[in-house]
Amino acid sequence: MGLILQIIIFILTIISLLALYLVYKFYVKPKILMGFYEKQGVKNLCFYPFIGKYSFVSRDIMLKGDGFYSIKDFLAQNPGCKYSMTNLAEFVCIQLYDPDIIKEFYNCKHIVKHKFGVEIFQEFMNGIVFAEGEEHTRKRKIISQAFHYQLLQSMISPLSEIYDEFIDKVKDKKVDDCISMFQDISGESVLRLFFSKSFKDYKYRNKTMTETLSDLINCAGQMAKSTEYAFLGKGALRFGKLSTLQKTTKDIKKIFKEVITNRIDSTNLDDLKHKQRKDMIDYLIENQGIDKIESENKITIETIIEEFITFYVAGLDTTGHTLGMAMYYLSVYPELSEEIKATIKSQADLTSENIKNMKYLQAFVNEVLRHYTIADQLFMRTATQDIQLGNLKIKKGTVLNVGNLENHFDPKYFKDPHQFNPQRWLDGSLDKLPPYIFNPFSAGKNNCIGQHFAQINIKIGLIKFIQSFDFEIDPNYKLILTFQFLIEPVQPIALTFKSKKL
Ligand code: HEM
């Protein structure tokens, strides 16, 4: 009896200690830190466990029909606010709004990407997006040298071809989830950016390469969002989906390695110089950046594969959602299609110069990126030591991010911010917009390396679809946005693509 009692007391002690530890970790510690920031004038948004400022989303969907109502309205209610804070699990997270402080944030070398959630994605991609310091600078330099203006120029025809293929498929049809269709297009375009048509007829376990890669992304996304992961970390996933993800990743990396090796072996550098329509692998070979040993100017085949998968993941959802939402806006405001068509007419061929000169098209894309704000936040960042941004003293371990959505709806900068109005980018009202307020592709050393490709891709997509179709949306469809990894519609956007009458 005495022994059983001792065991029970022991177990109860362990449970109490664990409970005390959890209360300390998730409540007391962040509360103390928030007190430190409150004294410095940081506005306390809320203290809800785990999801920080997105705690408001479900409530706002129910009460306001817009999951981001509070976030969008924040600076109208708190004019001039420079920073606010919430808690994210055990961390305190500060959102920055002031352009000067955002600039310091981007330039501070003691702020790095946070590990949480990212480690699952690192299982199948470990490219520049997760590299820091010198390693990041070195790899980014080699990739940038290959990913230049000529490559973008030579992508115009392949991108047009991809859109033509999809336009044929959806002619006079209803597409139930048009974001998903544009994700397929974006995936295909990144595949061709690197490998031209090498994978056109290729199947892995009866699926195309783009389908296989998209499955991997979904699988990693589900794991990163799972409760097991939130409470127990990566170890809890080891014997389930994680091992399937690791196996598939190993298989497809082997396939990519074979394709790149064959390409290197069969390439004659003199012929390559005169090759029309070079892809990323061609430019990397031509720049002599590929070697068995990585050095200042050379990367290995393994690194290229990591970068390709990183580009694929970074380009798929972002471009797919932006294009899908652009089509949504066009279906709701059909008169905007007419404005864009007028700009297109004035430029005969699809060259990058002509596309750049389509001013209204650029204004429309900017307004989609502002009003929709696909990437409200960056990957979470953390301070690796005590730092100071502006007058704000920041403790090591604090999570930091930029409040893009708040800034995109700040009436100080954008008049009638809730109105979707491309004209605001042309009427001079934004001429004095401070830097760091509208940076849909981020800024600083980690800014989006694919931004010019993304812009040209989105614009070709818009031109091709607007020239071919009128878009019809169910008149009862109500757009409600929520937060997944990006800002996304709760209900898929279904559109009918009606051929234009000649
Ligand atoms: C509308 C489309 C896109 C948007 C809005 C977008 C936005 C962004 C943002 C905000 C970042 C910074 C993330 C952070 O630092 O936490 C980023 C980084 C990045 N993006 Fe994009 N992106 C888009 C399309 C693309 C495409 C098409 C590609 C590739 C073809 C791409 C490749 C990358 C890569 C590799 C990084 C990491 C750069 C680095 O850390 O050095 N993105 N993007």
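Residues numbered from 1 in each chain as written. Predicted model: local features only at pLDDT ≥ 70, side-chain atom pairs only at ≥ 80, totals over all residues. Heavy atoms only, no water.

A.B. asks: Could you give me a rundown of the coordination of the iron atom of the ligand, with the residues and numbers involved?
C.D. replies: Exactly one donor from the protein chain reaches the iron atom of the ligand: C448 (SG), at 2.3 Å. Along the polypeptide, C448 turns up in the loop between α18 (404-408) and α19 (451-468). (Donors = N, O, S within 2.8 Å, 3.2 Å for Na, K, Ca; no water. Helix = DSSP H or I, 4+ residues; strand = E, 2+ residues; numbered from the N terminus.)

A.B. asks: Now, about the pairing of strand β2 (residues 83-88): what can you tell me, with residues and values included?
C.D. replies: On a regular strand, each side chain points to the face opposite its neighbour's, so the side chains alternate between the two faces of the sheet. Within β2, 6 of the 6 residues are buried, which leaves the element mostly enclosed by the surrounding structure. Alternating positions in β2 separate into two faces, Y83, M85 and N87 on one and S84, T86 and L88 on the other, with burial throughout. As judged from the 2 bridges shared by strand β1 (residues 43-44) and β2, these two strands associate in the parallel manner. Across the sheet, the residue bridging to N44 is M85, located in β2. Pairing of β2 with strand β3 (residues 91-96) involves 6 bridges; the strand directions are antiparallel. By the bridge assignment, Y83 is partnered in β3 with L96. (Buried < 20%, exposed > 50% of the residue type's maximum accessible area, 1.4 Å probe, protein only. Pairing = 2+ DSSP bridges.)

A.B. asks: An account of a nonpolar patch on the surface is requested, with residue identities and associated values reported.
C.D. replies: Side chains of L3, I4, I7, I8, F10, I11, L12, I14 and I15 sit close together on the surface and give an oily, nonpolar patch of about 880 Å² of accessible area. Looking at the secondary structure, you find I7 in helix α1 (residues 2-39). By relative accessible area, I7 is classed as partly exposed at 42%. (Patch = residues over 30% accessible without salt bridge, like charges linked within 9 Å, V, L, I, M, F, W, Y side chains within 5 Å. Areas by Shrake-Rupley, 256 points an atom, 1.4 Å probe, with all protein chains shown as cover. Salt bridge = Lys/Arg side-chain N within 4 Å of Asp/Glu carboxyl O.)

A.B. asks: Could you give me a rundown of the pairing of strand β13 (residues 495-499), with the residues and numbers involved?
C.D. replies: Sheet topology places strand β5 (residues 174-175) next to β13; 2 bridges connect them, and they run antiparallel. Across the sheet, the residue bridging to K174 is T496, located in β13. Bridge count between strand β10 (residues 469-473) and β13: 5 bridges; the pairing is antiparallel. Note on β13: the bridge partner recorded for I473 is L495.

A.B. asks: Describe the site of the ligand, and please don't skip the residues or the numbers.
C.D. replies: Taken together, 26 residues lie near the ligand, and H136, R140, F379, R381 and C448 sit nearest. A distance of 2.7 Å is found between an oxygen atom of the ligand and a side-chain nitrogen or oxygen belonging to R140. With respect to the ligand, the side chain of N446 contributes an N or O atom lying 2.9 Å from an oxygen atom. For the shell around the ligand, the secondary-structure elements that each account for two or more residues are α6 (133-146), α14 (301-332) and α19. (Near = heavy atom within 4 Å. Polar contact = N/O pair within 3.5 Å; in protein donor to acceptor, adjacent residues only side chain to side chain.)

A.B. asks: Tell me about the UniProt feature "transmembrane region" (unreviewed entry) in the protein, and please be specific about residues and values.
C.D. replies: Those residues carrying the UniProt feature "transmembrane region" (unreviewed entry) are residues 6-24 in this numbering. Strand forms 0% of residues 6-24 and helix 100%; the C-alpha atoms that close the span are 26 Å apart. (UniProt positions renumbered as here; feature names shortened; annotations may be inferred.)

A.B. asks: Help me get a handle on the side chain of S352, residues and values and all.
C.D. replies: Here S352 is to be found in helix α16 (residues 352-356). At 2.6 Å, the side chain of S352 and the side chain of Q153 are in polar contact. Contacts of S352, omitting those with residues within four sequence positions, involve Y149, Q153, I156 and I456. (Contact = heavy atoms within 4.5 Å.)

A.B. asks: So, the pattern of salt bridges: which residues are in play, and what are the values?
C.D. replies: Under the definition given, this model contains 31 salt bridges. Put simply, E302 and K257 hold a salt bridge, and the shortest N to O gap is 2.7 Å. You can see E302 sitting in helix α14 and its partner K257 sitting in helix α11 (residues 241-266), a full 45 residues away along the chain. In this structure, a network of salt bridges that share partners links the residues E161, E165, E188, R192, K197 and R277.

A.B. asks: Go over the environment of E119, please, and point to the residues and values.
C.D. replies: The topology assignment puts E119 in helix α5 (residues 118-121). For E119, a relative accessible area of 17% gives the class buried. Measuring from C-alpha to C-alpha, the distance between E119 and K234 comes to 7.9 Å, with 115 residues separating the pair along the chain. Non-local contacts of E119, meaning those with residues more than four positions away in its chain, are made with Y229 and K234.

A.B. asks: Explain the nonpolar core to me, using residue names and the numbers behind them.
C.D. replies: Soluble globular proteins tend to pack their nonpolar side chains together in the buried interior. Grouped together as the largest cluster of nonpolar side chains are 125 residues, with contacts concentrated most on F364, L462 and F465. Examining the composition of this core, we find that 16 residues originate from one element, α14, more than from any other. Excluding residues that lie within four positions of it along the chain, F364 makes contacts with A326, Y329, L330, L336, I340, F420, P422 and L462. Listed in part, the 25 residues of the second largest apolar core include L96, I101, L378 and A443. (Core = buried A, V, L, I, M, F, W, Y, C linked by side-chain atoms within 4.5 Å.)

A.B. asks: Tell me what's going on with the sheet that holds β13, and back it up with residues and numbers.
C.D. replies: If you trace the 3 strands from one edge of the open sheet to the other, you get β5-β13-β10, paired in antiparallel fashion. In this open sheet, the two strands that pair with only one neighbour each are β5 and β10.

A.B. asks: Mind laying out the UniProt feature "binding site: heme" (unreviewed entry) in the protein, listing which residues take part and the relevant values?
C.D. replies: Sequence positions flagged by UniProt for "binding site: heme" (unreviewed entry) are, in local numbering, C448. By relative accessible area, which is 29% here, C448 ends up partly exposed. In contact with C448, not counting residues within four places along its chain, are R140 and F441.

A.B. asks: Quick one: what's the story with the sheet that holds β1, residue by residue and with numbers?
C.D. replies: Spatial ordering of the open sheet is given by β1-β2-β3-β9-β6-β4, a layout of 6 strands whose pairing is mixed. Each of the sheet's edge strands pairs with one partner strand only, and the pair in question is β1 and β4 (111-113). Note that β3 and strand β9 (residues 399-402) share 4 bridges and pair parallel. Pairing of L96 across the sheet is with V402, part of β9.

A.B. asks: So, the packing of α11 against α14: which residues are in play, and what are the values?
C.D. replies: Following both chains from N to C, one finds α11 and α14 inclined at 120°, their axes separated by 10 Å at the closest point. What the angle tells us is that α11 and α14 run oblique. Pair α11 / α14 crosses with right-handed handedness. Residues K253, F256, K257, I260, T261 and I264 of α11 lie in contact with α14, whose contacting residues are I301, E302, I304, I305, E306, F308 and I309. Classifying every residue of the contact of α11 with α14 gives 8 nonpolar, 1 polar and 4 charged. (Axes fitted to C-alpha atoms, helices over the stretch in contact; angles between N-to-C directions. Parallel < 35°, antiparallel > 145°, perpendicular 65-115°, else oblique. Left-handed = near helix turned anticlockwise from the far one by under 90°. Nonpolar A, V, L, I, M, F, W, Y, C, P; charged D, E, K, R; others polar.)

A.B. asks: Just give me the short version of the packing of aromatic side chains, but keep the residues and values in it.
C.D. replies: Within this structure, the stated rule accounts for 32 aromatic pairs. Here the aromatic rings of Y328 and Y477 are separated by 6.2 Å at their centres, their planes lie at 65°, and the arrangement is edge-to-face. Of this pair, Y328 sits in helix α14 while Y477 sits in the loop between β10 and β11 (481-483), placing them 149 residues apart in sequence. Relative to F438, the ring of W425 has its centre 4.6 Å away and its plane inclined at 45°; by these criteria the two rings are tilted. Of the two residues, W425 is situated in the loop between α18 and α19 and F438 in the loop between α18 and α19; the sequence distance between them amounts to 13 residues. Comparing W425 with F438 shows no difference in burial state: the two are buried. (Phe/Tyr/Trp six-rings, centres within 6.5 Å; stacked < 30°, edge-to-face > 60°.)

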